[in-house]
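What follows is each chain in one-letter form.
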Amino acid sequence: MPFEENTTTKILVIDDDPAMLRMVCSVLRNIGYDVFSAKNGNSGIEEFKKESPTLVITDVHMPDISGIDVLRSIKKDSPTTQVLVFSGVGTMDDIIEALRLGACDFLTKPFNLKLLIHTVNRCVERNELINDRMNRHATLERLVVERTAALTNTFYETVKALGRLTELRDPYTAGHQNRVALLAVGIGRELGLSQSELEIIHVAGLLHDIGKAAVPVELLVKPSRLNELEFELIKYHPQSGYDIIKDIPFVESLGKDVSIVVLQHHERLNGTGYPNGLSDVEIELESKILSVADVMEAMSSHRPYRPALNIDVAMNEIRKNRGGGIHRNALMPAWNFLPGTIITTPYCSNR
Ligand SMILES: [Fe+2]
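Worth saying up front: this structure is predicted, and the values here are computed from it rather than measured.

### Here's the deal with the coordination of the iron ion
Part 1 of the reasoning: All of the protein donors around the iron ion are D209 (OD), H237 (NE2), H265 (NE2) and H266 (NE2); their distances to the metal are 2.1 to 2.3 Å.
Part 2 of the reasoning: Viewed at the metal, the four donor atoms of the iron ion are separated by angles of 82 to 174°, and the geometry they form is irregular.
Part 3 of the reasoning: In primary-sequence terms, the residues that donate to the iron ion follow D-x27-H-x27-H-H. Taken together, the residues span a long stretch of sequence, with H237 in helix α10 (residues 237-245) and H266 in the loop between α12 (258-263) and α13 (285-299) at a distance of 29 residues.
Part 4 of the reasoning: The class for H237 is buried, based on a relative accessible area of 0%.
Part 5 of the reasoning: A relative accessible area of 2% places H266 in the buried class.

Set out below in structure tokens:
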């Protein structure tokens, strides 16, 4: 770096020895630095606060406070400011303490002027390197925050799009997954689940019936009861949903495999659910909460094959099956959360 380009680099020199102060200031001005001075430690700290120099050069032994105290004060207020310490009677303890506190170097008087210039230039360059590194870190951190926000937004919009795709085939349940997701998150919040657990429930809710894409549309919109064979086809949709989304890296983004939650959303505590007839502890908590929300939302929505029911009927339906068809721990908060006034029957959410 040519010395002529140093005019914007401010250097503060602190020394109670007037001759030494003049000499150091003169040498550094001659090579292009913007140099100012202070005659003792306290006035040096005041000058530092006013001028914010790039480099502070301070003597150790001064009548008011020591250069070590000056160094400590500057590093406390401005950790990245470079401080070069020199002393005529410096002990090894002074040197070690100065370096421990973050001094960029230590010179012992009398020092060679070429060594002074070399050391000062090196401290200034060190400051530039640190600033460059901090700027790069700040830029990278900003980019990470922006890209993460963009990816998160893309992730949720993709999930919602997948959910809407499913519901296109079944207009009677349009909006069902979104409402189930909101209701399940409300229940989870009442249960005191963490933000990441609520996000898992939200995403699982938005996708829980995606497996209906594999169900013939005639069955989805059939305006009468399904026969046994038809219902068997419907019962396969949790497995289809799992197969569709199982390769999405949910564990990396949400910390848990959402496809498992989707797979289990029709399992029941007493083992009467499907597709695998799991019971109680075998079922994920998120799936238990989702099943309560799924049933409540389904009963509160109109279907061509059954009328909507009053909220009290739906709540009684869930109470009646408490500990069997739905998770007992998820029940109580649901009482407080449910906002609807109309419901439908049966507690199986698919028909
Ligand atoms: Fe379902």
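### A short note on the state of the cysteines
Part 1 of the reasoning: The final tally for this structure, using the stated rule, is one disulfide.
Part 2 of the reasoning: With its sulfur 2.4 Å from that of its partner, C104 forms a disulfide with C123. One quick way to see it: the torsion about the S-S bond of C104 and C123 is about 95°, and its sign makes the bridge right-handed. Here C123 lies in helix α5 (residues 113-168) and C104 lies in the loop between α4 (92-100) and β5 (105-108), a separation of 19 residues in the sequence. One exposure class covers both C104 and C123, and it is buried.

### Points about unusual backbone geometry
Part 1 of the reasoning: Cis geometry marks the peptide bond from K109 to P110; its omega dihedral reads -5°.
Part 2 of the reasoning: Mapped onto the elements of the fold, P110 is located in the loop between β5 and α5.
Part 3 of the reasoning: Here the phi dihedral of S52 falls at roughly 45°; this positive angle occurs in a residue that is not glycine.
Part 4 of the reasoning: When its relative accessible area of 52% is taken as the criterion, S52 is described as exposed.

### As for empty space enclosed by the protein
Part 1 of the reasoning: Taken as a whole and assessed by the stated rule, the structure comprises two cavities of 30 Å³ or more.
Part 2 of the reasoning: Roughly 50 Å³ of internal volume is contained in the second largest cavity.
Part 3 of the reasoning: Every residue along the wall of the second largest cavity is listed here: T166, E167, D170, T173, H176, Q177, D209 and K212.
Part 4 of the reasoning: Of all the secondary structure elements, the ones that give two or more residues to the lining of the second largest cavity are α5 and α6 (176-190).

### So, helix α1 (residues 18-30)
Part 1 of the reasoning: Here α1 is 13 residues long and its end C-alpha atoms lie 18 Å apart, about the 18 Å a rise of 1.5 Å per residue gives.
Part 2 of the reasoning: Looking only at α1, the buried set comprises M20, L21, V24, C25, V27 and L28. Down the axis of α1, the buried set is contained in an arc of 165°. They therefore lie on one face. For α1, the exposed residues set more than 90 degrees away from the buried face come down to P18, R22 and N30.
Part 3 of the reasoning: Those residues of α1 hidden inside the fold are in contact with β1 (10-14), β2 (34-38), β3 (55-59), β4 (82-87) and α5.
Part 4 of the reasoning: Structurally, the start of α1 carries an N-cap: the backbone nitrogen of A19 is 3.1 Å from a side-chain oxygen of D17.
Part 5 of the reasoning: Looking one or two residues beyond α1, the residue adopting positive phi is G32, at roughly 105°.

### Side note on the sheet that holds β1
Part 1 of the reasoning: Spatially, the five strands line up as an open sheet ordered β2-β1-β3-β4-β5, and their pairing is parallel. With one partner strand each, in any of the chains shown, β2 and β5 form the two edges of the open sheet. Taking each pair of neighbouring strands and ignoring which way they run, the sheet shows an average axis angle of 20°.
Part 2 of the reasoning: Examined bridge by bridge, β1 and β2 share five bridges and lie parallel to one another. The residue bridging L12 from the neighbouring strand is F36, located in β2.
Part 3 of the reasoning: Helix-sheet contacts for α1 involve β1, β2, β3 and β4, and the interaxial angle to β2 is about 170°.

The rules behind each value
- Residues numbered from 1 in each chain as written.
- Predicted model: local features only at pLDDT ≥ 70, side-chain atom pairs only at ≥ 80, totals over all residues.
- Heavy atoms only, no water.
- Donors = N, O, S within 2.8 Å, 3.2 Å for Na, K, Ca; no water.
- Tetrahedral: all angles 85-135°; square planar, octahedral: opposite > 155°, others 65-115°.
- Helix = DSSP H or I, 4+ residues; strand = E, 2+ residues; numbered from the N terminus.
- Buried < 20%, exposed > 50% of the residue type's maximum accessible area, 1.4 Å probe, protein only.
- Disulfide = S-S within 2.5 Å.
- 1 Å grid on protein atoms, 1.4 Å probe; cavity = no way out; pocket = protein on both sides within 12 Å on 5 of 7 lines; lining within 4 Å.
- Points joined across faces, edges and corners; volume = space filled by probe spheres on them.
- Expected span 1.5 Å × (residues − 1).
- Arc of directions from axis to C-beta.
- Contact = heavy atoms within 4.5 Å.
- Polar contact = N/O pair within 3.5 Å; in protein donor to acceptor, adjacent residues only side chain to side chain.
- Pairing = 2+ DSSP bridges.
- Axes fitted to C-alpha atoms, helices over the stretch in contact; angles between N-to-C directions.

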